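A closer look at the structure
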Amino acid sequence: MIIDGRFHGPDGSGNGGYVAGRLAGRVPIDTVTVALRRPPPLDTELTVTMEDERGHSARLWDGERLIAEALAGAIVVPPIAPVPFERAAEAAEKFRTQENHPFPGCFVCGPDREPGDGLRLEPGQVGEATVATPWIPERTPERELVWAALDCPGGWSFDVAGRPAVLGTMTAQVMDVPGAGERCVVMGHARSREGRKMHAATALYGADGRLLGRAEQIWIEIDPEAFGR
């Protein structure tokens, strides 16, 4: 497996949700938990190993360095309720006024990405500890792009501009993918904080209100200058 440099989050590191989705695609079960152990390197030949005979557990390696591992997961709490697309679009205006984006080149939420290059999601506040962003994919996305879309809104439900964080663990269930040009809404909700660990949830809804995917996450607060060393 190679993570193309286009799909980065922090500079020099793969976007957590995208990488998790790529690895989860090797595990043929409905709901998958992916734990990211190290920053995923870009443009590097990585090895995937299956860890049980049923193929329900996989690991991603850079040589002898464990990058991530995936196994069967479960989500037991109800998904975050959606807001209308128009309200998500209004919330995106608040995101655009954010300063000090910790990773402005992020494939998912980076404001420095050109249209059509990154997803350019803009999660803005719609309620206490809750954000929403519109998403209109230009083409029918692969499932790993749904994982990516479910990633950053969870972090933005906390104040990651002031206290940068990266995805540590993500449990996701993808029921379906949106169609090209479909007006979707991605929700993010901050559940709790324990020191440097932040627990968040995200959900993706299609134009007709159907639930396309959902995730539970653990984010880890970091020092951006030290990240990846």
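Up top is the structure these notes are about.
Residues numbered from 1 in each chain as written. Predicted model: local features only at pLDDT ≥ 70, side-chain atom pairs only at ≥ 80, totals over all residues. Heavy atoms only, no water.

Counting residues in each nonpolar core, the largest one holds 57 residues, and the members touching the most others are V34, L60 and W147. Sort the elements by how many residues they give to this core and strand β7 (residues 165-174) lands first, with six residues. Every residue in contact with L60, bar those within four places of it in the chain, is listed here: M1, V19, L23, L46, T47, V48, R65, L66, I67 and A68. The next biggest cluster of nonpolar side chains, apart from the first, holds 12 residues, and it includes A132, V185, A201 and A203. (Core = buried A, V, L, I, M, F, W, Y, C linked by side-chain atoms within 4.5 Å. Buried < 20%, exposed > 50% of the residue type's maximum accessible area, 1.4 Å probe, protein only. Helix = DSSP H or I, 4+ residues; strand = E, 2+ residues; numbered from the N terminus. Contact = heavy atoms within 4.5 Å.)

Now for empty space enclosed by the protein. Summed over the entire model, instances satisfying the criterion amount to one cavity of 30 Å³ or more. Here the largest cavity is characterised by a volume of approximately 30 Å³. Every residue lining the largest cavity is listed: I75, V77, P78, P79, I80, R191, A201, T202, R214, A215 and E216. Among the elements of the structure, β9 (197-205) and β10 (211-221) are those that each provide at least two residues to the lining of the largest cavity. Tallying contributions element by element places β10 first for the lining of the largest cavity, with three residues. (1 Å grid on protein atoms, 1.4 Å probe; cavity = no way out; pocket = protein on both sides within 12 Å on 5 of 7 lines; lining within 4 Å. Points joined across faces, edges and corners; volume = space filled by probe spheres on them.)

This next bit is on the layout of surface pockets. Its volume calculated, the largest pocket comes out at about 480 Å³. Lining the largest pocket are 22 residues; nearest its centre among them are G118, L119, W135, I136 and E138. Going through the elements one at a time, α2 (85-96) and β6 (130-135) are the ones with two or more residues in the lining of the largest pocket. Broken down by element, the lining of the largest pocket gets its largest block of residues, three residues, from β6. Here the residues of the lining of the largest pocket are counted per class, giving 12 nonpolar, three polar and seven charged. (Nonpolar A, V, L, I, M, F, W, Y, C, P; charged D, E, K, R; others polar.)

Quick look at the state of the cysteines now. Formally, a disulfide is one covalent bond, and it connects the sulfur atom of one cysteine to the sulfur atom of another. This structure, assessed with the given rule, holds zero disulfides. The thiol of C109 is unpaired, and the distance to the nearest cysteine sulfur, on C152, comes to 3.7 Å. (Disulfide = S-S within 2.5 Å.)

As enumerated under the stated definition, the model contains 10 salt bridges in all. As a salt-bridge pair, E182 and R210 come within 2.6 Å of each other at their nearest N and O atoms. Of this pair, E182 sits in the loop between β7 and β8 (184-194) while R210 sits in the loop between β9 and β10, and the two are 28 residues apart along the sequence. Measuring nitrogen to oxygen at the nearest pair gives 3.2 Å for the salt bridge that ties E216 to R191. Here the residue E216 occupies a position in strand β10, and R191 occupies one in strand β8, the gap between them amounting to 25 residues. Taking relative accessible area as the criterion, E216 reaches 22% and is therefore assigned partly exposed. Taken together, the shared-partner salt bridges connect R6, R113 and D117 into one network. (Salt bridge = Lys/Arg side-chain N within 4 Å of Asp/Glu carboxyl O.)

This brings us to the sheet that holds β10. A sheet is described by the order of its strands in space; here 10 strands give the open sequence β2-β3-β4-β1-β7-β10-β9-β8-β6-β5, paired in antiparallel fashion. Looking at strand neighbours, the two that pair on one side only are β2 (47-50) and β5 (124-127), the edges of this open sheet. Recorded for the sheet is a direction-independent mean angle of 25° between the axes of neighbouring strands. Judged from the nine bridges that link them, β8 and β9 form a sheet pairing that is antiparallel. In the strand pairing of β9, V186 is matched with L204. The strands that helix α1 (residues 16-24) touches are β1 (31-36), β2, β3 (57-62), β4 (65-72) and β7; relative to β1, the one it contacts most, it runs at about 125°. Relative to β6, α2 is tilted by about 105°, and along the sheet it contacts β5, β6 and β8. (Pairing = 2+ DSSP bridges. Axes fitted to C-alpha atoms, helices over the stretch in contact; angles between N-to-C directions.)

Within the secondary structure, V83 sits in the loop between β4 and α2. Residues V83 and P153 lie 70 residues apart in sequence; the distance between their C-alpha atoms is 14 Å. Other than its neighbours up to four places away in sequence, V83 contacts A88, V126, A132, V185 and M187.

Remember that the coordinates give geometry; whether it matters functionally is a separate question.
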